[in-house]
Amino acid sequence: MCKAIMKPLLRLSPAQVPLLIIAANLSIMMTLSMTILPRVHMIMMMAGSRNHRLGYEVVGSAYDVALNRSAQLYPKVFGNYSVTRYFTPGTFTCADANAITTVGLSTLYADDSFNAFAVNSKEIRIVLSPGCSFETVTLGDFAREENVLVLASTASLDLLNNKKRFPTLLPLASTSYNNVGLALLKLLRLYKWNAFNLVCDSNAKDPQRLAMEVSCGVLRDTFKDVRDISMLALPFDSSNNDSAGAMLRLAKTHSSVSIIASLPEIYKHILVAAYTLGMANGDYVRQNISNGFYT
């Protein structure tokens with residue numbers, strides 16, 4: 001069984017892999033028990049569009065491809081399945097998306113037509129969500145009470161690994177917030193960098209501002225008791241065109257190493273500003289951590 005599924009798994013995106021793993025496990029259970037599984041009901045909960053990393057257009061399509069592939073590989077498991085898509089278009093903060101998906105899932109469960117089949121027959125319900133960590137925390141609490149499996153493809157908060165609180169939640173991000181902070185600490189010590197600048201984008205109009213705040217909060221917490229490395233938090237607001245240059249000039253008075261929490265497109269402007277100031281000669285280190293923290 002393992003050899004049969006490994007080859008197709010290698011050609012799938014991270015959002016698709018968990019569905020095939022679940023399908024493989026269900027197939028094994030059915031083979032061992034010699035019983036017919038109940039209907040599988042997939043519930044896609046998504047808030048937000050036009051985001052090249054987490055939007056419905058990208059992850060929703062990945063889920064659809066994974067379902068089709070699972071049905072081809074395991075026709076007995078997916079011979080009887082249904083999909084409910086709850087999608088709210090727009091650009092939202094994590095807090096907004098949290099409210100949207102929580103209310104959406106509650107609304108679905110309160111709908112008689114949504115529960116009609118489950119009343120007369122057993123079904124396995126699986127919630128698929130590419131939402132941020134705060135959104136997934138609420139979905140995980142809901143899923144625990146309703147005994148529903150939640151596959152969280154992007155959330156990365158270490159709290160989500162607490163199986164006492166989230167016994168039916170499976171986070172599938174590459175690493176947790178906390179681990180990234182510890183990895184950065186090891187990296188700084190490896191290269192004997194005893195000081196660094198922490199640059200947090202405070203642009204109030206940035207829809208990912210909350211994620212940036214969490215990223216910087218995790219780093220502050222990681223380094224608060226570290227005595228051999230000095231950390232200086234620097235102000236930066238990407239909505240101000242002159243902010244990057246001012247931040248870089250202040251940064252080099254403290255350390256040649258800067259850890260920046262900002263969107264990739266903003267980071268490009270920072271690199272241009274660094275080049276203009278003569279800070280692209282190999283004597284300075286800059287690392288953007290936004291992707292590693294909230295995806």
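Just so you know, the residues in each chain are numbered from 1, in the order the chain's sequence is written. Since the coordinates come from a predicted model, pLDDT governs what is reported: local features require at least 70, and pairs of side-chain atoms require 80 or more to be given and counted, while whole-chain, interface and lining totals use all residues. Derived side-chain values reflect all non-hydrogen atoms in the structure, with water molecules and hydrogen atoms excluded from consideration.

Student: I would appreciate a short explanation of the overall build of the chain in the present structure.
Tutor: Per the secondary structure count, the chain includes 11 helices and 9 strands. Excluding contacts between residues fewer than 6 apart, the proportion of contacts in the chain whose partners are at least 24 apart in sequence is 68%. Accessible surface computed for the chain: about 15000 Å², of which carbon and sulfur atoms make up 57%. The secondary structure listing takes helices from DSSP runs of H or I that are at least 4 residues long and strands from runs of E that are at least 2 residues long, numbered from the N terminus. Throughout, a residue-residue contact means that at least one pair of heavy atoms, one from each residue, lies within 4.5 Å. Using the Shrake-Rupley algorithm and a 1.4 Å probe, accessible areas are obtained, with residue cover drawn only from the displayed protein chains.

Student: Mind showing me how you'd approach the side chain of S82 here?
Tutor: Summarising the element assignment, S82 is placed in strand 2 (residues 81-88). Partly exposed residues are those whose accessible area sits between 20% and 50% of the maximum for their type, while under 20% is buried and over 50% is exposed, using a 1.4 Å probe and protein chains only. Overall, the relative accessible area of 18% leaves S82 in the buried class. When residues no more than four places from it in sequence are discounted, the contact partners of S82 are R39, V40, H41 and M42.

Student: What exactly am I supposed to notice about the nonpolar core here?
Tutor: Across soluble globular proteins, you tend to see nonpolar side chains buried next to one another. By nonpolar core is meant a set of buried Ala, Val, Leu, Ile, Met, Phe, Trp, Tyr and Cys residues that side-chain atoms within 4.5 Å join together. Counting residues in each nonpolar core, the largest one holds 31 residues, and the members touching the most others are F196, F223 and I270. For this core, the element with the highest residue contribution is helix 10 (residues 264-276), accounting for 5 residues.

Student: Teacher, can you tell me more about helix 9 (residues 243-251) here?
Tutor: Within an α-helix, residues lying three or four positions from one another point in the same direction, as the helix has 3.6 residues per turn. Along helix 9, the residues that are buried comprise S243, A244, G245, M247, L248 and A251. Packed against the buried residues of helix 9 are strand 6 (195-201), strand 7 (230-236), strand 8 (257-261), helix 10 and strand 9 (285-288).

Student: Is there a simple way to think about the packing of aromatic side chains in this case?
Tutor: What describes a pair of aromatic rings is the distance from one ring centre to the other and the angle between the planes of the rings. Stacked, tilted and edge-to-face pairs are distinguished by plane angle, under 30 degrees for stacked and over 60 for edge-to-face with tilted covering the rest, among Phe, Tyr and Trp rings (Trp via its six-membered ring) whose centres lie within 6.5 Å. Across all of its chains, the model carries 3 aromatic pairs by this definition. Its end group placed over the ring of Y109, R125 keeps NZ or CZ at 4.8 Å from the ring centre. Placement of a charge over a ring requires the Lys NZ or Arg CZ to be within 6 Å of the ring centre, with the centre-to-atom vector within 35 degrees of the ring normal.

Student: Is there a simple way to explain unusual backbone geometry in this structure?
Tutor: Excluding glycine, residues mostly have negative phi values, and the peptide bonds linking residues are mostly trans. Of note in this structure, N147 is not a glycine but carries a positive phi near 55°. Residue N147 is classed as exposed on the basis of its relative accessible area of 65%. Even without a glycine there, the phi angle at K192 is positive, about 55°. For K192, the position within the fold is in the loop between helix 7 (177-190) and strand 6.

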